[in-house]
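Structural overview
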6 protein chains.
Amino acid sequence: MSEFLVSPATTWNRVESEDMKVKDWVEPSYGELSESFDVVITGVPLSRSSISASAASEYPDFFRKSWNLFTTYSIDEDVDIRALRIADVGDVKMHGTNILQCHDNIEQAMTDVLNGCPESFYVQIGGDHSITAPVVRAFANSSGQRIGILQFDTHLDLRTTESDGPTNGTPIRQLLDAGVVKGEDVYNIGLHGFYNATSLIRAADHYGVNRITLKDFRRRGAESVIANVMKELSEKVDVVYVTVDMDVLDIAYAPGVPASTPGGMRTDELFDLLHEVGKYDIVKGTDFVCVDPHRDTKELQTVKAGVYAFLTMMVSRYVHLKK
Amino acid sequence: MSEFLVSPATTWNRVESEDMKVKDWVEPSYGELSESFDVVITGVPLSRSSISASAASEYPDFFRKSWNLFTTYSIDEDVDIRALRIADVGDVKMHGTNILQCHDNIEQAMTDVLNGCPESFYVQIGGDHSITAPVVRAFANSSGQRIGILQFDTHLDLRTTESDGPTNGTPIRQLLDAGVVKGEDVYNIGLHGFYNATSLIRAADHYGVNRITLKDFRRRGAESVIANVMKELSEKVDVVYVTVDMDVLDIAYAPGVPASTPGGMRTDELFDLLHEVGKYDIVKGTDFVCVDPHRDTKELQTVKAGVYAFLTMMVSRYVHLKK
Amino acid sequence: MSEFLVSPATTWNRVESEDMKVKDWVEPSYGELSESFDVVITGVPLSRSSISASAASEYPDFFRKSWNLFTTYSIDEDVDIRALRIADVGDVKMHGTNILQCHDNIEQAMTDVLNGCPESFYVQIGGDHSITAPVVRAFANSSGQRIGILQFDTHLDLRTTESDGPTNGTPIRQLLDAGVVKGEDVYNIGLHGFYNATSLIRAADHYGVNRITLKDFRRRGAESVIANVMKELSEKVDVVYVTVDMDVLDIAYAPGVPASTPGGMRTDELFDLLHEVGKYDIVKGTDFVCVDPHRDTKELQTVKAGVYAFLTMMVSRYVHLKK
Amino acid sequence: MSEFLVSPATTWNRVESEDMKVKDWVEPSYGELSESFDVVITGVPLSRSSISASAASEYPDFFRKSWNLFTTYSIDEDVDIRALRIADVGDVKMHGTNILQCHDNIEQAMTDVLNGCPESFYVQIGGDHSITAPVVRAFANSSGQRIGILQFDTHLDLRTTESDGPTNGTPIRQLLDAGVVKGEDVYNIGLHGFYNATSLIRAADHYGVNRITLKDFRRRGAESVIANVMKELSEKVDVVYVTVDMDVLDIAYAPGVPASTPGGMRTDELFDLLHEVGKYDIVKGTDFVCVDPHRDTKELQTVKAGVYAFLTMMVSRYVHLKK
Amino acid sequence: MSEFLVSPATTWNRVESEDMKVKDWVEPSYGELSESFDVVITGVPLSRSSISASAASEYPDFFRKSWNLFTTYSIDEDVDIRALRIADVGDVKMHGTNILQCHDNIEQAMTDVLNGCPESFYVQIGGDHSITAPVVRAFANSSGQRIGILQFDTHLDLRTTESDGPTNGTPIRQLLDAGVVKGEDVYNIGLHGFYNATSLIRAADHYGVNRITLKDFRRRGAESVIANVMKELSEKVDVVYVTVDMDVLDIAYAPGVPASTPGGMRTDELFDLLHEVGKYDIVKGTDFVCVDPHRDTKELQTVKAGVYAFLTMMVSRYVHLKK
Amino acid sequence: MSEFLVSPATTWNRVESEDMKVKDWVEPSYGELSESFDVVITGVPLSRSSISASAASEYPDFFRKSWNLFTTYSIDEDVDIRALRIADVGDVKMHGTNILQCHDNIEQAMTDVLNGCPESFYVQIGGDHSITAPVVRAFANSSGQRIGILQFDTHLDLRTTESDGPTNGTPIRQLLDAGVVKGEDVYNIGLHGFYNATSLIRAADHYGVNRITLKDFRRRGAESVIANVMKELSEKVDVVYVTVDMDVLDIAYAPGVPASTPGGMRTDELFDLLHEVGKYDIVKGTDFVCVDPHRDTKELQTVKAGVYAFLTMMVSRYVHLKK
């Protein structure tokens with residue numbers, strides 16, 4: 001039981017059926033933690049920390065609401081993942097105006113989840129990208145292990161906290177500055193265009209952050225890029241955390257992400273990358289951040305893309321790692 | 001003259017011009033059937049049979065309204081297809097609350113069209129996917145020939161009619177259960193994601209329905225996939241009917257299809273596939289279903305994609321089959 | 001326990017609080033009926049019976065989802081209605097393609113509700129207007145009493161079932177033709193504009209349906225109009241059923257109703273009318289129909305107007321009738 | 001036959017029915033003029049003359065497309081106007097880049113209509129407000145009578161043509177400067193807010209244009225205001241032309257008019273005013289301008305408001321003038 | 001010069017013209033304060049303090065961008081207010097994650113403005129409603145006078161800061177709890193519906209906050225209501241501050257305010273109220289809050305309503321107070 | 001100083017920063033011309049010349065407003081282009097109704113720019129495609145050199161000016177007919193679908209315009225196609241002008257272009273092509289036309305795609321040509 005987790009507003013009336021939907025698969029276990037979960041989902045509804053206004057705090061709610069549109073069977077891999085035991089432990093409790101306390105709550109809640117559900121796989125639904133810093137701090141503190149970060153992003157997120165505090169432009173910088181993660185252990189895939197100012201490049205150089213632009217990725221392919229990153233990371237770190245800033249996607253595919261732009265990644269490319277990621281046992285957790293459902297199309301195209309991405313990783317893990 | 005066909009609400013004021021538009025090419029011949037038509041278009045405005053609410057019944061109307069945006073000249077193939085004689089025989093008459101009668105009307109109207117316009121090519125504009133069952137029954141009954149189905153779809157549409165009757169999730173199952181079509185004669189291209197529950201896979205296995213996922217198609221290419229399907233079908237059946245559920249398209253390309261999702265087919269891929277399909281004389285008819293114009297963007301992106309798909313097939317047939 | 005009622009897809013995680021929201025007030029009691037409920041809400045998710053395509057079947061779901069935006073306290077009347085015991089008994093079970101069976105299910109479910117929850121007040125959330133016919137049939141059959149209808153509508157809904165069966169244009173006609181209700185016991189408030197064809201006026205004349213146009217109402221005021229209608233009805237009938245077709249509202253106030261038009265009623269006028277209606281004990285049930293949430297604005301303006309209307313009637317009843 | 005009129009793009013497939021819709025009532029008579037028409041509708045699809053970009057040129061097309069939503073029976077007046085013989089003579093022929101020629105064509109087409117259909121009532125569907133100048137010139141030239149203008153507008157439209165030629169800000173000024181109409185014969189109802197610059201007020205003063213602000217109108221009521229205007233005009237002019245700039249409406253009621261604003265007229269107020277206008281035989285023609293269907297809501301709220309306004313005037317004329 | 005004020009992102013290229021637009025009237029004077037300004041506008045772009053996600057921080061920017069749509073001449077009052085000297089002193093400097101510091105900055109900036117521009121009228125453009133607390137604190141601290149508050153709002157905004165700090169639900173409570181303002185000096189006009197929970201009513205009773213519901217106001221009229229409030233306030237306080245939460249407006253008129261609802265005030269009613277307010281010299285400042293331009297319609301209906309409201313008050317003051 | 005150039009409505013408040021944004025990079029120099037500019041941007045806000053209604057005249061304004069979203073650093077090329085001196089010389093002065101004068105103004109303004117800023121690179125922001133004709137005339141007249149055109153377009157734009165004058169369907173034809181450019185010196189990349197009528201193909205054949213369809217381009221790749229075009233052009237002409245009709249893009253990527261369609265180019269393909277174009281010194285100017293911001297998504301996806309395209313070309317020129 002974690003005091004830093006609260007129930008979301010609604011729950012699915014789950015039904016038993018041969019044709020299981022994701023809504024019938026995920027067990028609501030709000031605040032109740034258990035060793036028996038293979039996968040744990042935690043909502044992290046914070047976006048008042050965004051540089052520009054965002055309702056990404058609504059994403060955990062919309063993410064859950066989309067579960068009735070998906071089944072547990074993947075036709076691409078011809079596998080049903082219902083055997084995985086997956087729990088939704090609810091949302092991290094937030095404060096209305098104290099953002100630092102929100103970040104502390106995230107770290108506390110994640111620490112509870114990591115301790116209460118050991119040996120699980122941890123999926124965090126943001127929220128904006130600022131949430132990744134406290135989540136990774138919890139990973140680092142709980143395990144004492146060296147942590148690598150695989151980031152899918154249009155941006156480096158290496159701003160300093162000097163002028164504006166721990167906004168969504170700063171999570172990687174926070175972790176580097178605090179020594180939680182080393183620059184050489186961070187890999188960013190998907191960078192493109194004109195959205196990273198010169199000072200951030202200098203910071204990336206300074207810390208040794210690894211950059212794989214969208215063009216690089218397209219030249220090399222998903223399998224090769226991920227194999228190479230994982231090979232390098234495996235030699236350096238104990239655990240890899242994957243953070244997916246959905247603004248890595250092209251605005252045609254992710255209209256509901258405030259910072260998505262033309263010239264970005266297609267959804268099928270992201271799904272291929274996450275399929276590759278799912279093959280590696282060293283990956284222990286992931287988050288999906290920066291989707292603002294209020295900006296999405298009426299059909300919630302972007303919200304659904306996030307669920308598809310999450311399931312893609314689950315299926316790949318199940319097929320390749322049997323978990 | 002068919003009593004099961006009615007005039008659509010509006011007609012184009014057609015004009016003669018060197019630069020012929022599709023609106024000036026298609027001859028309105030509502031209910032009047034003739035041997036002289038190379039191609040016959042029939043509107044099938046039924047969608048109260050949809051599992052989830054849909055205004056796909058509006059698609060024939062919107063489809064026709066888009067004809068002024070297209071010419072009869074294809075710059076890709078450098079050919080003008082105005083020499084083809086094409087008729088719009090109007091819409092199948094529907095009943096406001098008796099869905100079974102609607103399906104009967106479709107079968108009767110199509111039987112009239114097949115008999116009244118023999119040796120033509122038959123294009124049906126849905127409506128939802130439930131319309132394919134009565135259309136194919138009319139083909140089977142009229143000709144007595146063995147019919148194969150080439151389906152472009154995100155779903156198998158193999159639900160039973162037990163719990164909810166002949167909805168848009170059931171057309172292929174209806175045809176299989178009634179012995180109208182054999183499972184081995186059904187080929188589905190474009191399956192992907194998490195939208196086909198396990199029971200449907202079992203049904204597909206049971207009946208021997210052939211599945212080519214989107215990933216399979218992308219690995220092999222349009223020309224190879226269609227050539228292979230057509231080779232196999234040609235050895236088994238007399239006639240091939242092509243049914244295009246527009247939900248096979250990615251939601252970025254087909255926002256106006258209620259069941260379109262991220263991770264689907266691009267329009268250029270669908271056009272390439274239909275270009276290949278147009279090369280085979282064994283193909284005698286096609287339908288385009290499940291576009292809900294009320295959900296489309298204001299620019300009617302999805303409605304237009306359907307017209308583009310239809311014209312692509314017409315052009316390919318004209319170039320390769322001279323009809 | 002009624003076999004004709006099913007659970008809706010989701011349920012609120014209700015919380016105890018001094019500041020009670022409607023979501024925390026309404027008790028989920030899906031299919032479970034009880035004598036102790038003051039008010040019973042039944043979802044009636046049917047709209048495949050609509051003449052023009054409609055997703056009004058989604059309204060019960062959206063109606064419930066809006067409950068977190070409203071409290072049980074009315075500042076206009078300075079009263080908190082939390083003392084009323086109110087239950088949500090779920091949705092009527094529907095069939096995917098057999099519309100007549102859907103209407104039968106509605107009648108059966110309502111009969112169960114009326115018998116299982118006697119002496120309650122009955123709120124039905126449509127669905128399209130066709131649902132009113134089976135609901136009123138259940139009232140008539142259960143009680144054996146004479147029933148009057150107070151209808152707020154832009155239309156008379158007096159079409160015959162001859163050509164298209166029991167569509168949403170026919171409910172009042174069905175009841176009159178079947179002798180369930182007398183024409184003189186029907187009062188329609190809000191008629192305006194150019195939406196009722198001559199044949200319907202002739203039918204209204206034939207049956208003696210009472211018409212109060214929007215202009216009439218505006219000249220006389222809500223209090224006077226309702227007082228007069230109730231006086232007349234009280235002399236004739238035992239029970240009054242109020243049916244609110246939300247298309248009575250102006251399109252500026254109800255963009256999410258397919259048939260709403262310019263020149264209609266303002267929401268404040270409808271709320272005033274329903275406030276007056278709430279004063280009369282002879283009123284035993286009501287429905288709110290024809291809201292299509294898929295057509296509504298992103299802010300769900302029309303969905304919310306329906307909840308506001310419902311609460312207005314509840315508050316007025318509580319203040320004036322102490323129930 | 002007028003060479004300045006062309007067929008619109010589409011025509012309704014009209015049907016005979018007891019329940020006549022407006023689409024079945026209006027006779028298409030493109031370019032063909034006749035003495036027997038009680039009412040003549042002319043499309044005037046010009047808006048490249050707008051100061052700010054507008055697609056009001058699309059309004060005649062959308063106006064016609066909405067005719068299937070309205071019947072010929074008015075429930076407010078309890079009258080069916082189908083006995084009126086009404087013709088749609090098509091659209092004025094326009095030039096793609098020569099705006100002065102467009103204005104000439106309008107004047108020529110209207111002259112043809114006035115001569116070809118004498119003793120009729122003339123309804124023009126814009127286009128932007130620049131069309132009113134050539135229309136009124138045609139009235140003045142054809143009849144040689146003194147013409148008064150009753151204008152419903154948020155703006156005075158008294159800009160000079162000096163800097164930008166005959167834009168939609170200038171029609172009244174053009175007519176005054178050319179001596180076609182006298183300033184004292186112009187009455188503007190609905191002015192409000194902060195949209196008429198000081199120089200225009202000075203022009204209005206100079207020419208003696210009569211101004212009735214929205215607040216004035218609300219204080220006095222529709223019946224009184226129109227009676228007074230008509231009394232004054234009747235003493236001065238032979239013919240009154242009514243021009244309705246739909247930007248007089250509040251933006252909540254007319255989101256599809258580029259210049260509509262908060263603080264404007266409600267649709268019911270406009271309908272009441274036009275109902276009063278319809279009582280006066282001196283009124284011989286009217287136009288509805290400045291609706292841009294591309295900016296309208298998906299439900300085409302503003303387009304429909306224009307049709308409602310037009311029918312309101314027709315009904316009132318029929319009731320009060322028997323024509 | 002105030003260090004707590006920064007330049008907005010863009011500036012109008014102002015032009016001299018007989019027909020002055022508001023954009024040419026307002027003088028940019030970012031951070032530069034002066035005794036010579038009759039009116040001072042300050043942007044207060046803070047909304048990360050909102051309970052639910054809001055981009056009201058974008059409103060100052062959108063408010064300024066709308067200035068080219070309005071002139072300085074009011075046709076209702078037949079007056080041009082260009083003689084008023086009005087300055088835009090820019091936006092309060094905000095911090096990205098420290099909300100308390102933002103509130104401090106607002107108080108500091110307003111203190112600078114009040115001192116640097118004495119004897120002016122102060123217009124603040126929010127931001128969410130939390131900004132009113134520091135603004136009023138600055139008024140109180142600068143002048144040492146007793147301050148009354150006239151609030152137009154659907155809500156009481158009397159939540160405590162206990163659980164969530166100084167959110168947009170708390171400004172009035174903050175001021176009462178800190179003794180900056182007395183409960184009896186607060187008047188709220190426009191309350192309606194089901195949006196104020198019981199605990200807030202108890203707080204209002206406890207502090208003696210005066211409530212005038214929307215229904216009360218409609219019964220009594222703008223002139224009477226404001227005259228009465230001003231009479232009472234004049235006997236108690238030295239200065240009145242007017243805070244306009246745009247959520248007081250009906251959702252049909254203010255779709256761009258996250259908390260606007262059906263059943264609210266019309267814009268013309270708000271404008272009438274503010275016209276009355278403008279007659280009283282005791283009113284020294286005002287704010288317009290809670291407009292989220294990202295939620296507004298494409299035509300920015302709500303953004304424009306705010307500018308119209310602001311100008312209405314300016315004109316009334318100019319006419320009645322000659323300033 | 002050019003009298004044919006005017007200031008745009010707003011200007012950025014530029015700031016000095018290590019992290020330079022495009023808004024801080026581009027120097028406003030409205031009407032002021034200078035030899036020292038490496039790149040000159042000219043707004044050409046004309047779209048009343050469009051065949052179908054368009055607000056492309058708003059694009060220069062929206063283009064500039066998007067500059068704060070982009071930095072001067074390209075992560076793909078790892079280069080910062082801030083060293084380039086770039087000026088925005090404002091908008092060409094337009095007339096409200098005289099389209100021919102607008103085209104003259106464009107030619108005059110461009111002549112001034114070419115003379116006043118010699119040896120620069122010239123970027124024109126349309127406006128519709130009709131603007132390309134006067135722009136290229138200015139290039140031809142100023143330099144007396146032979147000019148080639150590289151056109152990215154779904155259409156040939158070879159309509160004659162006979163029936164409708166110099167609309168946006170005619171610019172290439174105008175230049176060919178006037179002998180300003182030779183047909184063999186025109187290369188069109190991106191043609192596809194059913195949008196070029198037969199007569200235009202005949203015209204293209206007659207003049208010898210080079211056509212590279214979208215399918216051709218996809219078979220050959222950007223580098224090869226552009227290298228080949230440039231090789232051929234270099235042997236024939238002195239200067240190449242690149243005109244980008246944004247309707248070449250697929251409607252999923254460019255919803256804000258009235259003529260964009262399914263089956264078009266992806267943005268990444270266009271960016272790759274422009275990257276190749278940037279390598280050739282013979283290219284001296286470019287325009288981006290036909291974006292209608294009013295039709296774009298709320299997130300302004302298409303507007304941003306244009307800025308991205310422009311920056312891509314700038315970066316490539318800087319890397320490969322050092323200018």
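Anything mentioned here points back to the structure above.
Residues numbered from 1 in each chain as written. Chains lettered and ligands numbered in written order. Predicted model: local features only at pLDDT ≥ 70, side-chain atom pairs only at ≥ 80, totals over all residues. Heavy atoms only, no water.

**Points about the pattern of salt bridges**
Counted according to the given criterion, the structure contains 137 salt bridges over all chains. For F:D268, the salt bridge is made with A:R218, and the minimal N-O distance between the two is 4.0 Å. Here the residue F:D268 occupies a position in helix α9 (residues 267–277), and A:R218 occupies one in helix α7 (residues 214–220), the pair thus bridging two chains. Because the salt bridges share partners, they merge into one network encompassing A:R218, A:R266, A:D268, A:E269, B:R218, B:R266, B:D268, B:E269, F:R218, F:R266, F:D268 and F:E269. (Salt bridge = Lys/Arg side-chain N within 4 Å of Asp/Glu carboxyl O. Helix = DSSP H or I, 4+ residues; strand = E, 2+ residues; numbered from the N terminus.)

**Brief notes about the packing of α9(F) against helix α10 (residues 301–321) of chain F**
What describes two packed helices is the angle between their axes and the distance between those same axes. Residues and elements named next belong to chain F. Between α9 and α10, whose axes approach to 8 Å, the crossing angle comes to 30 degrees. In terms of orientation, α9 lies roughly parallel with respect to α10. Helix-helix and strand crossings are classified by hand; for α9 and α10 the assignment is right-handed. Contacts between α9 and α10 involve T267, F271, L274, H275 and V277 from the former and A305, Y308, A309, T312, M313, S316 and H320 from the latter. (Axes fitted to C-alpha atoms, helices over the stretch in contact; angles between N-to-C directions. Parallel < 35°, antiparallel > 145°, perpendicular 65-115°, else oblique. Left-handed = near helix turned anticlockwise from the far one by under 90°. Contact = heavy atoms within 4.5 Å.)

**Description of the pairing of strand β12 (residues 239–245) of chain B**
Within a regular strand, the side chains alternate between the two sheet faces. Residue and element names in this part refer to chain B. Summarising burial for β12: seven of the seven residues are buried, a large majority. Neither face of β12 is open: one carries V239, Y241, T243 and D245, the other V240, V242 and V244, and all of them are buried. By the bridge criterion, six bridges tie strand β9 (residues 147–152) to β12 in an arrangement that is parallel. In the sheet register, G148 faces β12, and the bridge partner there is V240. Pairing geometry for β12 and strand β13 (residues 283–289), over six bridges, is parallel. Bridge assignment links T243 to a residue of β13, and that residue is D287. Note that the unit made of β12, helix α9 (residues 267–277) and β13 has a crossover that is right-handed. (Buried < 20%, exposed > 50% of the residue type's maximum accessible area, 1.4 Å probe, protein only. Pairing = 2+ DSSP bridges. Right-handed = clockwise from strand over helix to strand, strands pointing away.)

**Thoughts on the packing of aromatic side chains**
One pass over the full model with this rule turns up 66 aromatic pairs over all chains. Aromatic pair A:Y308 and B:F194: ring centres 5.2 Å apart, planes at 75 degrees, arrangement edge-to-face. Here the residue A:Y308 occupies a position in helix α10 (residues 301–321), and B:F194 occupies one in the loop between β10 (186–191) and α6 (198–207), the pair thus bridging two chains. For the pair formed by A:Y308 and B:F194, the shared burial category is buried. (Phe/Tyr/Trp six-rings, centres within 6.5 Å; stacked < 30°, edge-to-face > 60°.)

**What about the interface of chain E and chain F?**
Interface extent is often summarised as the accessible area lost during association of the parts. The interface is formed by 13 residues belonging to chain E together with twelve residues belonging to chain F. Here chain E packs against chain F, burying approximately 970 Å² in sum over the two surfaces, 46% of which is carbon and sulfur. At the junction of chain E with chain F, the criterion picks out zero salt bridges. Where chain E meets chain F, there are eleven residue pairs in polar contact (both at pLDDT 80 or more). For the side of chain E that touches chain F, the per-class residue count stands at four nonpolar, six polar and three charged. Bridge analysis of strand β2 (residues 10–12) of chain E against strand β2 (residues 10–12) of chain F gives three bridges, and the strand direction is antiparallel. The residue bridging E:W12 from the neighbouring strand is F:T10, located in β2(F). (Buried area = accessible area lost by both parts, 1.4 Å probe. Polar contact = N/O pair within 3.5 Å; in protein donor to acceptor, adjacent residues only side chain to side chain. Nonpolar A, V, L, I, M, F, W, Y, C, P; charged D, E, K, R; others polar.)

**Some details on the side chain of F:D247**
Residues and elements named next belong to chain F. By the secondary structure assignment, D247 is in the loop between β12 (239–245) and α9. No salt bridge is formed by the buried D247; its nearest oppositely charged neighbour, R159, is found at 9.9 Å. A polar atom in the side chain of D247 sits 2.9 Å from the side chain of H155. Sequence-distant contacts of D247, defined by excluding residues within four places in its chain, comprise D153, T154, H155, V257, A259 and S260. (Lys, Arg positive; Asp, Glu negative; His and termini not counted.)

**Quick notes on the relation of the copies chain E and chain F**
The transformation that overlays chain E on chain F combines an axial shift of 0.0 Å with a rotation of 180 degrees, and the residual RMSD is 0.0 Å. Seen this way, the second copy is the image of the first under a two-fold rotation axis. Minimal C-alpha separation from the rotation axis in chain E is found for E:T11, amounting to 2.7 Å. A shared binding surface is used by both copies, with 92% of the interface residues of chain E retained as interface residues in chain F. (Least-squares fit on C-alpha atoms with pLDDT ≥ 70 in both.)

**A word on the interface of chain B and chain A**
Between chain B and chain A, the contact holds 24 residues from the first and 28 residues from the second. When the two sides are added together, the surface that chain B and chain A hide from each other amounts to roughly 2,300 Å², 57% of it contributed by carbon and sulfur. On the chain B side of the interface with chain A, the three residues burying the most area are B:F194, B:K215 and B:P262, jointly 30% of the side's total. Linking chain B with chain A are three salt bridges, by the criterion used here. If you look at where chain B meets chain A, you find ten residue pairs in polar contact (both at pLDDT 80 or more). Per-element accounting of the side of chain B that touches chain A gives the leading share, four residues, to α6(B).

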